[in-house]
Amino acid sequence: MKKFETLSALIECSSGITPKTETLKNYIKILSSLGYDRVYIGMADAYKIKEEPYFGYKRGGYTVEQLKDIDAYAKSVGIELIAQIQTLSHLHFLSKFPEYQGIFDTDNVVMVGEDRVYELIENMIKTVSEGISSRIIHLGLDEAFGLGTGEYLKKYGKSDKKVLIKKHLERVFAILNKYGYNVPEIWGDMITEKVETTVTAGDMKSFLPENTRIFVWNYEEKEEKVLTEMYYEAKKYCNHIGFAGAVWKYIGFGPNNKFSISRLIPQMRAMEKCGADEFMVTLWADRGAPCSNYAALPSLFAVSQFNEGVYDGADEKTLDKDRFYHVTGVSYDDMYSLDYIDNPLKTDSEFRSNSSFWMFYTDILLGNFDTFAPDGVCKRYAALAEKYEKLTNGTFSEVFGMSASLMRVLEVKAELPRRVRSAYLLKNKKKAAEAVAELAELKKRTAEFIKVFEEYYTHDNQSFGIEVHQLYMNGQIARIGYAIERLGAFIEKDEKIEELEGGILPLNYYPPVRLDCSCMTDLKMLLSYCLQ
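To start, this report covers the structure provided alongside it. None of the values given here were measured: they were computed from a predicted structure.

1. A word on the overall build of the chain
For the chain, the helix and strand inventory stands at 18 helices and eight strands. A compact globule built from 532 residues should have a C-alpha radius of gyration of about 24 Å, and the chain, at 25 Å, falls within 12% of that. Across its three principal directions, the C-alpha atoms of the chain cover 75 × 60 × 45 Å. Considering only contacts within the chain whose residues lie at least 6 apart along the sequence, 80% involve residues at least 24 apart. Entry remark: accessible area of the chain is about 21700 Å², with carbon and sulfur atoms responsible for 52%. Within the chain, the 77 negative side-chain charges are centred at a point lying 2 Å from the centre of the 66 positive side-chain charges.

Put into structure tokens, the structure is as follows:
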């Protein structure tokens, strides 16, 4: 007997990366074979609205006909497809257009009560209702920080945040009724937020339609007591409660399956005891998510196996890995090995990490993060490259090919910035010349990686969004070339390299940064301290 009535996955399609329809259908087929019941499309602007031509402009997105096609396919394999849209926050992508600048309260939250806001929302819901047949819809509503504190405050004065949420939802619910939706779903963080308000939990519970489902979400917590408290706090506001965890594939090139499973399984145990209606696994795609959703399949498989009572949640040997291979065409262990992209030393760590991301982007001359690369790690990257290269002739060859190429870059780069700095500070021109040769090899491998990444990205996704990666990645080639020039000037003319003068201040993060424990996604720290 399954532990949850409904097991679902959310595929983010609108954070600067939108899967092709065939990719999405293939993923839906895999999820169906693994025992999932629902698939949510995270589509803040990943769909085209006839009445709103700037909505999702040049960011990809699905037409109504494409949504119908995906929906029909999902039905054919026993999956209910549900739209997860945004109706209050996370609409900042529209603020760049003059047509929408008058609808915002803050840079991320729309103005409650503004008629144009509800015209936009009706156009959203009308479009989704034409493309997706389910009359369940997820309205978002999360992370509406600053609601009522921007333009709303200037126009109307200080307001009660939860009164504003009720005022907003009242109009949104009326639109839902018009298009036949009978189950609205929302993220729970703003509903249950502890703020000074006149709206009690009971008031909100009476206000929300009977079939409303609130999703409690947390991606790191594993303590049963804390998770249980979160569930019962939400229960004060709504009768139907789901829970959403995550696969941490959204912080870099690697999937972090081990860390994700170490959180998802305890969350499932706690929510089963509480009686949650639904358990959802989210696949977010922050910053265009260079990590493939396919790399997250071991986590999704472990969740489905636990839900079916096959996997005990502790002993990996209880996983039916033959089934994983039968469904996906690739070995569970091979796909799981992509975790080592961010843990090349293969330590027994339960932390999440994106060390390959910051290792790739850390600047050659500025010395931002290279101090965290231990001696000898380049050999570990080389070994991983060899492993992934052997897997490029089978299923998901693009995924393993990109990973192998990345490891070839880090095989050269990981310890190189320290050698560059040491050669310069010791005024050792022989070592500096050796570093120049290594930099030339790094430049070559980085160019090769960018080409491989472009093929990997466009194999499964629409091309919109790749330009962001191209800009940042090609910036690495420019900086490597500049470092070669500056070292050459030092060798030939004794010219000063300002970036290498003055030593390096320690970055005192807690917990301390290690290859297997880090979450640095801020390019202002990786590329340049001069970025605003």
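2. Details of the side chain of serine 8
For serine 8, the position within the fold is in strand β1 (residues 6–12). Residue contacts for serine 8: discarding those within four places in its chain leaves Tyr36, Arg38, Tyr40, Glu278, Phe279, Met280 and Val281.

3. A look at the sheet that holds strand β3 (residues 80–84)
Strand order in the closed barrel formed by eight strands is β1-β2-β3-β4-β5-β6-β7-β8, with parallel pairing between adjacent strands. Strand-to-strand twist in this sheet, taken as the mean axis angle between neighbours without regard to direction, amounts to 25°. Docked against the sheet, helix α7 (residues 224–235) engages β6 (213–217) and β7 (240–246), running at close to 155° with respect to β6.

4. Thoughts on the pairing of β6
Burial of β6 is extensive: four of the five residues sit out of reach of the surface. Here three bridges tie strand β5 (residues 183–187) to β6, and the two strands are oriented parallel to one another. By the bridge assignment, isoleucine 186 is partnered in β6 with isoleucine 214. Each parallel crossover has a hand, and for β5 linked through helix α6 (residues 201–207) to β6 it is right-handed. Bridge analysis of β6 against β7 gives five bridges, and the strand direction is parallel. By the bridge assignment for β7, arginine 213 is matched with histidine 240. You can see the chain leave β6, run along α7 and come back into β7, and the turn it takes is right-handed.

5. Focus: the nonpolar core
Counting 172 residues, the largest nonpolar core has Tyr36, Met43, Ile125 and Phe253 as its most contacted members. Excluding anything up to four places from it in sequence, tyrosine 36 contacts Leu7, Ser8, Ala9, Leu31, Ile79, Val281, Leu300, Val303 and Ser304. With 16 residues, the next largest nonpolar core counts Leu10, Tyr219, Trp248 and Ile251 among its residues.

6. Some details on the environment of glutamate 80
Tracing the sequence through the fold places glutamate 80 in strand β3. Sequence spacing of glutamate 80 and aspartate 334 is 254 residues, and the spatial spacing of their C-alpha atoms is 30 Å.

7. As for the pattern of salt bridges
Following the criterion strictly, the structure yields 44 salt bridges and no others. Of the charged contacts in the structure, one is a salt bridge between glutamate 52 and arginine 116, with a shortest N-O distance of 2.7 Å. You can see glutamate 52 sitting in the loop between β2 (38–42) and α2 (64–76) and its partner arginine 116 sitting in helix α3 (residues 115–131), a full 64 residues away along the chain. Assessed through its relative accessible area of 24%, arginine 116 is described here as partly exposed.

8. A look at the packing of aromatic side chains
One pair of aromatic rings is described through two measures. These are the centre distance and the angle between the planes. Summed over the entire model, instances satisfying the criterion amount to 39 aromatic pairs. Between tryptophan 217 and tyrosine 219 the ring centres are 5.2 Å apart and the planes differ by 35°, which places this aromatic pair in the tilted class. On the accessibility criterion, tyrosine 219 (13% relative accessible area) is buried. When the ring of tyrosine 361 is compared with that of tyrosine 472, the centres are 6.4 Å apart and the planes differ by 85°; the resulting orientation is edge-to-face. Highlighted residues: tyrosine 361 in helix α12 (residues 355–361) and tyrosine 472 in helix α17 (residues 466–493), separated in sequence by 111 residues. Since its relative accessible area comes to 3%, tyrosine 361 is described here as buried. The rings of Phe253, Phe357, Phe360, Tyr361, Phe449, Phe453, Tyr456, Tyr457 and Tyr472 are connected pair by pair, giving a single aromatic cluster. In this structure, lysine 346 packs its charged tip against the face of tyrosine 340, placed 4.9 Å from the ring centre.

Rules used in this analysis
Residues numbered from 1 in each chain as written. Predicted model: local features only at pLDDT ≥ 70, side-chain atom pairs only at ≥ 80, totals over all residues. Heavy atoms only, no water. Helix = DSSP H or I, 4+ residues; strand = E, 2+ residues; numbered from the N terminus. Rg over C-alpha atoms; globule rule 2.2 N^0.38 Å. Contact = heavy atoms within 4.5 Å. Areas by Shrake-Rupley, 256 points an atom, 1.4 Å probe, with all protein chains shown as cover. Lys, Arg positive; Asp, Glu negative; His and termini not counted. Charge placed at Lys NZ, Arg CZ, Asp CG, Glu CD. Pairing = 2+ DSSP bridges. Axes fitted to C-alpha atoms, helices over the stretch in contact; angles between N-to-C directions. Buried < 20%, exposed > 50% of the residue type's maximum accessible area, 1.4 Å probe, protein only. Right-handed = clockwise from strand over helix to strand, strands pointing away. Core = buried A, V, L, I, M, F, W, Y, C linked by side-chain atoms within 4.5 Å. Salt bridge = Lys/Arg side-chain N within 4 Å of Asp/Glu carboxyl O. Phe/Tyr/Trp six-rings, centres within 6.5 Å; stacked < 30°, edge-to-face > 60°. Lys NZ or Arg CZ within 6 Å of the ring centre and 35° of its normal.

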